[in-house]
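Here's the letter readout for the chains.
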Amino acid sequence: MPRIDWRVALKGFAGFLVGLAIWAFLTPMYDRLIAASAEKVMRAFESPPVTELRPKEDNYVTVDRADFDRRSTQRPAIPIRDLTFNIALLTALFAASKRMFSDRNMGGFVLAVVCLAVTHVFGTVAEVMSIYVAKLGMWSTVHYTDFERNVWGVINHFYRLVLMYAIAFALWWIFRDPGTASPAPAAKKKKRR
């Protein structure tokens, strides 16, 4: 069993705490950006464009449609912050690097964060679509087929349960500084007698 390098573990833990603090502090502004981007993506594929995502003060985003009855005041809401906390995992992975502040590691981290933001937009789209296809009662049944309901439900659950974490690891692997990887242990030579 390999020994734990406690310095790397501590740097990773410190990176996780920094990522968690960044996520907690920037969530209100970041949620607005992700909601606006997800709304634009959804409206680009709608005819006519009707989706409206409105950030609220309680860190939720209200999901509305221009074709919903205005007399109905209750609208579904989603917590985008639940879809974006994998930034803390990504920060921990880059912080655990042997040369944490190398140009290549820092540049890779910035590129990984940009790619992660794109996945947050599509995670939000999947969340909104899962509401449309399954959580609006008769309206969902009339406007979406069983196949569409299953596809969007699976996409949303798969993002939340697997992709959210896998994406952080994949982006770290793609953009990490390969020079910071631990060398493989040397094979012990057998003595001849």
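Here's the deal with the overall build of the protein
- Within the protein one finds six helices and three strands.
- Along the protein, from the amino end to the carboxyl end, the secondary structure elements read α-β-β-β-α-α-α-α-α.
- Against the globule reference of 16 Å for 193 residues, the protein gives a C-alpha radius of gyration of 22 Å, more extended than a compact globule.
- Seen through its C-alpha atoms, the protein measures out along the principal axes to roughly 85 × 40 × 25 Å.
- By element, 66% of the accessible surface of the protein is carried by carbon and sulfur atoms, the whole surface being about 12,600 Å².
- Measuring between centres, the 26 positive side-chain charges of the protein sit 19 Å from its 16 negative side-chain charges.

Observations concerning the pairing of strand β2 (residues 61-65)
- The buried fraction of β2 amounts to five of the five residues, a majority that puts the element mostly inside the structure.
- The alternating pattern of β2 places V61, V63 and R65 and T62 and D64 on opposite faces, both of which are buried.
- In this sheet, β2 lies alongside strand β1 (residues 51-55) in antiparallel orientation, the contact comprising five bridges. Across the sheet, the residue bridging to L53 is V63, located in β2.
- Here β1 folds back onto β2 in antiparallel fashion, the turn holding five residues, of which N59 has a positive phi close to 70°.
- In this sheet, strand β3 (residues 77-78) lies alongside β2 in antiparallel orientation, the contact comprising two bridges. By the bridge assignment, T62 is partnered in β3 with A77.

Quick word on the pattern of salt bridges
- As enumerated under the stated definition, the model contains seven salt bridges in all.
- The partner of R54 in a salt bridge is D64, and the shortest N-O contact between them spans 2.9 Å. Separated by 10 residues along the polypeptide, R54 in strand β1 and D64 in strand β2 bring together distant segments of the chain.
- Using a relative accessible area of 39% as the deciding quantity, one classes R54 as partly exposed.
- On the basis of relative accessible area, D64 is assigned to the buried category, the value being 2%.
- Among the ionic pairs, D146 bridges to R149, the shortest N-O distance being 2.1 Å. Of this pair, D146 and R149 both sit in helix α6 (residues 146-175), separated by three residues, roughly a single helical turn.
- Here the residues in one salt-bridge network are E52, R54, D64 and R75, joined through shared partners.

Things to note about helix α1 (residues 6-44)
- The end-to-end C-alpha distance of α1, which contains 39 residues, comes to just 49 Å, noticeably less than the 57 Å that a straight helix rising 1.5 Å per residue would cover.
- At T27, α1 shows its maximal kink, close to 65°; a proline, P28, follows between one and four residues later.
- Of all the residues in α1, the buried ones are G12, G15, G19, T27, D31, I34, A35, A38 and M42.
- Considering only its buried residues, α1 is in contact with β1, β2, α2 (81-84), α3 (86-95) and α4 (103-134).

Rules of the game
Residues numbered from 1 in each chain as written. Predicted model: local features only at pLDDT ≥ 70, side-chain atom pairs only at ≥ 80, totals over all residues. Heavy atoms only, no water. Helix = DSSP H or I, 4+ residues; strand = E, 2+ residues; numbered from the N terminus. Rg over C-alpha atoms; globule rule 2.2 N^0.38 Å. Areas by Shrake-Rupley, 256 points an atom, 1.4 Å probe, with all protein chains shown as cover. Lys, Arg positive; Asp, Glu negative; His and termini not counted. Charge placed at Lys NZ, Arg CZ, Asp CG, Glu CD. Buried < 20%, exposed > 50% of the residue type's maximum accessible area, 1.4 Å probe, protein only. Pairing = 2+ DSSP bridges. Salt bridge = Lys/Arg side-chain N within 4 Å of Asp/Glu carboxyl O. Expected span 1.5 Å × (residues − 1). Bend = angle between axes of the 7 residues up to and from the residue. Contact = heavy atoms within 4.5 Å.

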